[in-house]
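Architecture at a glance
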Amino acid sequence: MELIFEISKEGRRGFIPPKMDVKPYKIESKYTRKNAPKLPEVTEGDVVRHYTNLSRLNYAVDTGFYPLGSCTMKYNPKLNERVASLSGFSEIHPYQDSKTVQGALKLMYDLGESLKKITGMDAMTLQPAAGAHGEYTGIAIMRQYHRSRKDFDRNEMIVPDSAHGTNPASSAMNGFKVIVVESDDRGMVDVDELKKVIGPNTAGMMLTNPNTLGIFEENILEISKIIHDAGGLMYYDGANLNAIMGQVRPGDMGFDVVHLNLHKTFSTPHGMGGPGAGPVGVKKFLEDFLPVPTIDKKKDKYVLDFSHKKTIGRVRSFYGNFTVLVKAYAYILTMGEEGIKHASEMAVLNANYLRTEISKILKVPHNNICMHEFVATTLPLEEKGIKALDFVKRMLDYGIHPPTVYFPLIVHEDIMVEPTETESKDTLDRFVEIVKKIYDEANEDPKILKEAPHTTPVGRLDDTRAARYPVLRWKEE
Amino acid sequence: MNPYIPHTDDEVEEMLSKIGVKSLDDLFSPLPQEKRVKKMGLPESLDEFSVFSNLRKLAYKNADAQRYSYFMGGGIYNHVIPSAVHQIVSRGDFYTAYTPYQAEVSQGSLQTMFEFQTMICEITGMGISNASMYDGAEATAEAALMAARFSKKYKVLIADTLHPEYLQTVKTYASGPEVKVEIVEHDETGTLSLNDLRNKIDEETAAVIVQYPNFFGVVEDLKAIREVSKDILMIVAVNPISLGVLETPGAFGTDIVTGDGQPLGIPMNFGGPSFGIFAIRDDRRLVRTMPGRIIGETVDVKGKRGFVMTLQAREQHIRREKATSNICSNHALGTLYAATYLSLVGPQGLKEIGENNLAKSHYLLEKLEKTGHFKRKFSGEFFNEFVVETDLNIFKLKRKLLKNNIIGPIDLGMFGGTKNKLRKLLSKNDLLFCTTEANTAEDIERLLSVVEAM
């Protein structure tokens, strides 16, 4: 498709701003812009057509099944979008007097209370803008906790080898040395290996549970005890909370800090990569370290509370991705206690059903009861010259978004499938059929996979060229 | 039943038997049974209309821009948003898509972000833009870390005229890798003191951070700052909408531009989400240390133009603890807001909006001064915000304004959570006024009549 710049014609307008109704002001010439930016000059109709046509090149939850492992691509309810765009939520300013935003503050307060109940934590900040931002915040809290106790030697963060890349990155950004602990042959943290790496330098451990293989860490209570006995804190990466919400709470399994991905578990849309929201919950003894401000209730008034003395400070401006919070809150109200529990049950049911059926076609290395997702591998197809990437690219031709590939790093040629609870058995059966068809194709006509996809707006793109000769913006010829 | 979950009872039974377990509970057998949740204590589920009514009630309790005139800025601005923006960003094909990992079915997202990157380069005068950060504060903090990483020096200088919440955020981020933050003071013009800057640059200094226009609305003299800071990186946090009339930071040799994208078509949203701008000068070495996703042009197997996420060797999913940042989700939908907004307003619109903002703020200041109750605080040139000192009772003034459906100005003496810091900078009678093209001359008259009646 043409770029918007390529349909530009000098002099066209897409929007007429309010007319100047006061006398103009001339700013000192040394500050004035000399050359106008080369923005597109197009009509409103041009813009609407251009972006509407672009949108049609996208695959999205609204268009089809999106079994992207670790991403929880559940359906995004439309009620949530509608309420978030109410002017009373979307057209308010963060510095308005708190008495003029009582509705907004109450919503944030109530959402925080709900999330505390779901996670089993004692206090919550809604400030972080994404999952990794929540991780950053949570790990900063752990660091400040140790520093406040003058425990300056605790400079090591333990992270399993199956962890999301954000875990080691968030630890490193907080100045921690990352200690990787290996998984055992059942795909869980190897407790004996863990015991070898803990010590007086252990600040804590980051854990996703269920982990990225979709396996519940059965030794979680023992792991928590080992870390706590060593003087460390337990961090819960909430990326996979969808598997266990309403079933068991991180706060009851020994976790001291938790982040949530509202854009995964609580149905807010992913927006092509964001905005999400990554609230962080902590146990009572860490409350004073939360970023400021938090939302508090004083009698029947809601206020911003800046009083935390040991706060890590701020991790962004203002109070969080507020309209994302509105959507998550609407979701919790709609689902209620039973609905939340039902969601995790159906998510786990769907994943196990798919695992059972897919394991009849592809190899599933850890083929036991899984949680919300599972990992299969196309390794046996290697002799046909087929990589996991080839396999999933072919799915595009059948109108399905591929699962996550090449993650976690501990299984080779892996595809990681997370169906979520909002997909029907019919959809899952269709997925199984497609996997079977592609498997047969791989054996009979591997070329059709190697060259896939065949039906998408563009074919496979040259990543190497993009990185070697970077073209990162449009330029006039 | 629940409107989002499709399973019938029969299907559940059938699936369980295929899996080879007796009950749903069996699927949760790996969990520590003694810790299983009995009751979380959430309310019962509600139907759609009840949820809508509940939330509408909460929304209605807030004073919003449909009913009030805003003279409030300080990082979030009430601008006029063309109708087409909301229509486009509300397309499910955009907002329910994930990060464009599968480029073949994400060309809509990827091309939008590529166009966005181009537009950000055009308005800032920079060479390379990424595809968004979380917000202006976080983008600025990551720029500070990037500067330290790039120059292998561990001190950053920050103008005290930077938004106080940005400063707090930079300080938090700096504490991990132990980057030292030192404050540079401002002078009577309301801009950074060049003398103080000169004195504080030493061989350990990685960068200086200034805001343009700064928190007091005053336009920093980037040319002069660049001359003093030749040997270190210059980081400029911009208000993008000012760049329709103000010279670009790129024109003064800025190394990194950050800023908050909210003015580019995004509603105020109580402060979020917006998106963070992150752009650098065109430098191969610099781009390798840049955080965030970057979109690049390439070709497909048949030679057709297409777009992909590129230079990913910087990112956490590849580099893990050695990544340039931990950022994964960004604020991609913000790039769609900005791309549609900037396409609609075009170069002429951006200039007219800038001129309108500039004229309104100067008109308001002149009128306020004429009442005899307000005195301009800083002599420097300003864009759409300015600080005045008043002899009126601020509490009473704000109450009267609110009664007349006016929100703002910001009372700097009471500035949330940063009270102590700002009090050193300003007196408690200082107010930050803001005007945009959304404020009509009539709104301004209404504000003045409230003041005059006091």
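Residues numbered from 1 in each chain as written. Chains lettered and ligands numbered in written order. Predicted model: local features only at pLDDT ≥ 70, side-chain atom pairs only at ≥ 80, totals over all residues. Heavy atoms only, no water.

1. Observations regarding the overall build of chain A
- The helix and strand tally for chain A stands at 13 helices and twelve strands.
- For 477 residues, the compact-globule formula gives about 23 Å, and the C-alpha radius of gyration of chain A, at 25 Å, lands near that figure.
- For the C-alpha atoms alone, the extent of chain A along its principal axes is close to 75 × 65 × 45 Å.
- Counting every position in chain A, which comprises 477 residues, the buried fraction comes to 66%. (Helix = DSSP H or I, 4+ residues; strand = E, 2+ residues; numbered from the N terminus. Rg over C-alpha atoms; globule rule 2.2 N^0.38 Å. Buried < 20%, exposed > 50% of the residue type's maximum accessible area, 1.4 Å probe, protein only.)

2. Considering the overall build of chain B
- Across its full length, chain B carries 16 helices and 15 strands.
- For chain B, the proportion of contacts with a sequence separation of at least 24, taken over those separated by at least 6, is 70%.
- When the accessible surface of chain B is summed, it comes to about 15,400 Å², and 48% of that surface belongs to carbon and sulfur atoms.
- Averaging the positions of the 52 positive and the 58 negative side-chain charges in chain B gives two centres separated by 4 Å. (Contact = heavy atoms within 4.5 Å. Areas by Shrake-Rupley, 256 points an atom, 1.4 Å probe, with all protein chains shown as cover. Lys, Arg positive; Asp, Glu negative; His and termini not counted. Charge placed at Lys NZ, Arg CZ, Asp CG, Glu CD.)

3. Focus: the domain arrangement of chain A
Residue and element names in this part refer to chain A.
- Split into domains, chain A comes out as domain 1 (4-55), domain 2 (79-334) and domain 3 (340-463).
- Taking only C-alpha atoms, the centre of domain 2 and the centre of domain 3 are 30 Å apart.
- With 25 residues of domain 2 at the interface, the matching set in domain 3 holds 20 residues.
- Roughly 1,700 Å² of surface becomes buried between domain 2 and domain 3 when both sides are summed, with 64% attributable to carbon and sulfur atoms.
- Our count for the contact surface shared by domain 2 and domain 3 stands at zero salt bridges.
- Linking domain 2 with domain 3 are six residue pairs in polar contact (both at pLDDT 80 or more). (Domains from an automatic or database assignment. Buried area = accessible area lost by both parts, 1.4 Å probe. Salt bridge = Lys/Arg side-chain N within 4 Å of Asp/Glu carboxyl O. Polar contact = N/O pair within 3.5 Å; in protein donor to acceptor, adjacent residues only side chain to side chain.)

4. Some remarks on helix α1 (residues 9-19) of chain B
- When α1 of chain B is considered as a whole, its buried residues turn out to be Glu11, Val12, Met15, Leu16 and Ile19 of chain B. Projected down its long axis, α1 of chain B shows its buried positions confined to an angular sector of 135 degrees, all on one face. Turned more than 90 degrees away from the buried face of α1 of chain B, the exposed residues are Asp9, Asp10, Glu13 and Ser17 of chain B.
- Looking at the packing, one finds that the buried side of α1 of chain B touches α9 (322-358) and α11 (425-444) of chain A together with α2 (24-27) of chain B.
- Just downstream of α1 of chain B, Gly20 of chain B is the residue with a positive phi angle, here 95 degrees. (Arc of directions from axis to C-beta.)

5. Structural notes on the sheet that holds strand β8 (residues 276-280) of chain B
All names here are of chain B.
- Across the sheet, which stays open at both edges, the seven strands sit in the order β2-β8-β7-β6-β5-β3-β4 with mixed pairing between neighbours. For this open sheet the edge positions go to β2 (128-129) and β4 (180-184), each flanked by a neighbour on one side alone.
- Bridge count between strand β5 (residues 205-212) and strand β6 (residues 233-238): six bridges; the pairing is parallel. Bridging from a neighbouring strand, Val210 pairs with Val236 of β6. (Pairing = 2+ DSSP bridges.)

6. A word on the domain arrangement of chain B
All names here are of chain B.
- Each assigned domain of chain B is listed with its residue range as follows: domain 1 (69-81 + 346-452) and domain 2 (83-340).
- Placing a centre on the C-alpha atoms of domain 1 and another on those of domain 2 gives a separation of 27 Å.
- Facing the 32 residues of domain 1 at the interface are 32 residues of domain 2.
- At the junction of domain 1 with domain 2, the criterion picks out zero salt bridges.
- If you list the elements that add at least two residues to the side of domain 1 that touches domain 2, you get α13 (332-370), β12 (385-390) and α15 (419-425).
- With five residues, α13 is the single largest residue contributor to the side of domain 1 that touches domain 2.
- Partitioning the side of domain 1 that touches domain 2 into residue classes produces 17 nonpolar, ten polar and five charged. (Nonpolar A, V, L, I, M, F, W, Y, C, P; charged D, E, K, R; others polar.)

7. What about the interface of chain B and chain A?
- Residue-level contacts link 189 residues of chain B with 197 residues of chain A.
- Each partner contributes to the roughly 17,000 Å² buried at the junction of chain B and chain A, and carbon and sulfur atoms together form 64% of this total.
- Counting every contact that joins chain B to chain A gives eleven salt bridges.
- Put simply, Asp221 of chain B and Lys30 of chain A hold a salt bridge, and the shortest N to O gap is 3.1 Å.
- Viewed at the interface, chain A and chain B are joined by 93 residue pairs in polar contact (both at pLDDT 80 or more).
- Among the elements that make up the side of chain B that touches chain A, the one with the highest residue count is α13 of chain B (25 residues).
- Looking at the side of chain B that touches chain A residue by residue, the classes come out as 91 nonpolar, 57 polar and 41 charged.

8. Remarks on helix α5 (residues 131-148) of chain A
Residue and element names in this part refer to chain A.
- Here α5 contains 18 residues, and its C-alpha end-to-end distance of 25 Å stays within 8% of the 26 Å for a straight helix at 1.5 Å per residue.
- Most of α5 is tucked away: 15 of the 18 residues are buried.
- Once α5 finishes, Lys150 follows within two positions and takes phi at roughly 60 degrees, a positive value. (Expected span 1.5 Å × (residues − 1).)

9. Observations regarding the packing of helix α1 (residues 44-55) of chain A against α13 of chain B
- Their axes nearest at 9 Å, the elements α1 of chain A and α13 of chain B cross at an angle of 150 degrees. Taken together, the axes of α1 of chain A and α13 of chain B are roughly antiparallel relative to one another. Note that α1 of chain A runs across α13 of chain B; the crossing there is right-handed. Here Glu44, Val47 and Tyr51 of chain A of α1 of chain A lie close against α13 of chain B, whose contacting residues are Leu336, Ala339, Thr340, Ser343 and Leu344 of chain B.
- When the residues that make up the contact of α1 of chain A with α13 of chain B are grouped by side-chain class, the tally is five nonpolar, two polar and one charged. (Axes fitted to C-alpha atoms, helices over the stretch in contact; angles between N-to-C directions. Parallel < 35°, antiparallel > 145°, perpendicular 65-115°, else oblique. Left-handed = near helix turned anticlockwise from the far one by under 90°.)

10. Observations regarding the nonpolar core
- Tyr51, Met205 and Phe266 of chain A are the most contacted members of the largest nonpolar core, which has 222 residues in total.
- For this core, the leading source of residues is α9 of chain A, giving 20 residues.
- The residues touching Met205 of chain A, leaving out its near neighbours within four places in the chain, are Met142, Met157, Ile158, Pro160, Val181, Val189, Leu194, Ile223, Ile227, Leu233, Met234 and Tyr235 of chain A.
- The next biggest cluster of nonpolar side chains, apart from the first, holds 68 residues, and it includes Val159 of chain A together with Ala147, Val179 and Phe278 of chain B. (Core = buried A, V, L, I, M, F, W, Y, C linked by side-chain atoms within 4.5 Å.)

11. A closer look at unusual backbone geometry
- The linkage connecting Gly274 of chain A with the following residue, Pro275 of chain A, adopts the cis geometry, with an omega of 5 degrees.
- In this structure, Pro275 of chain A sits in the loop between β6 (257-260) and β7 (280-282).
- Residues Ala452 of chain A and Pro453 of chain A are joined by a peptide bond in cis, for which omega reads 0 degrees.
- Looking at the secondary structure, you find Pro453 of chain A in the loop between α12 (446-450) and α13 (463-468).
- Despite not being glycine, Asn405 of chain B has its phi angle at roughly 60 degrees, a positive value.
- Inspection of the secondary structure puts Asn405 of chain B in the loop between α14 (394-403) and β13 (406-407).
- Classification of Asn405 of chain B by relative accessible area gives partly exposed; the value is 32%.

12. Comments concerning the pattern of salt bridges
- Applying the stated criterion to the full structure yields 50 salt bridges over all chains.
- Note that Glu366 of chain B and Lys23 of chain A form a salt bridge whose closest N and O atoms lie 2.8 Å from each other. Of the two residues, Glu366 of chain B sits in helix α13 while Lys23 of chain A sits in the segment before α1, which places them in two different chains.
- Via salt bridges that share partners, Lys155, Lys180, Glu182 and Asp202 of chain B belong to a single interconnected network.

13. Examining the packing of aromatic side chains
Residue and element names in this part refer to chain B.
- For the structure shown, the criterion picks out 22 aromatic pairs over all chains.
- Where Phe116 meets Phe275, the ring centres are 5.4 Å apart and the plane angle is 75 degrees; that geometry is what we call edge-to-face. Residue Phe116 is found in helix α6 (residues 107-124), and its partner Phe275 is found in the loop between β7 (256-260) and β8; the two are separated by 159 residues along the sequence.
- According to the relative accessible area criterion, Phe116 is buried, its value standing at 2%.
- Centre to centre, the rings of Phe386 and Phe433 are 5.8 Å apart; their planes meet at 20 degrees, and the pair counts as stacked. Of this pair, Phe386 sits in strand β12 while Phe433 sits in strand β15 (residues 430-434), placing them 47 residues apart in sequence. (Phe/Tyr/Trp six-rings, centres within 6.5 Å; stacked < 30°, edge-to-face > 60°.)

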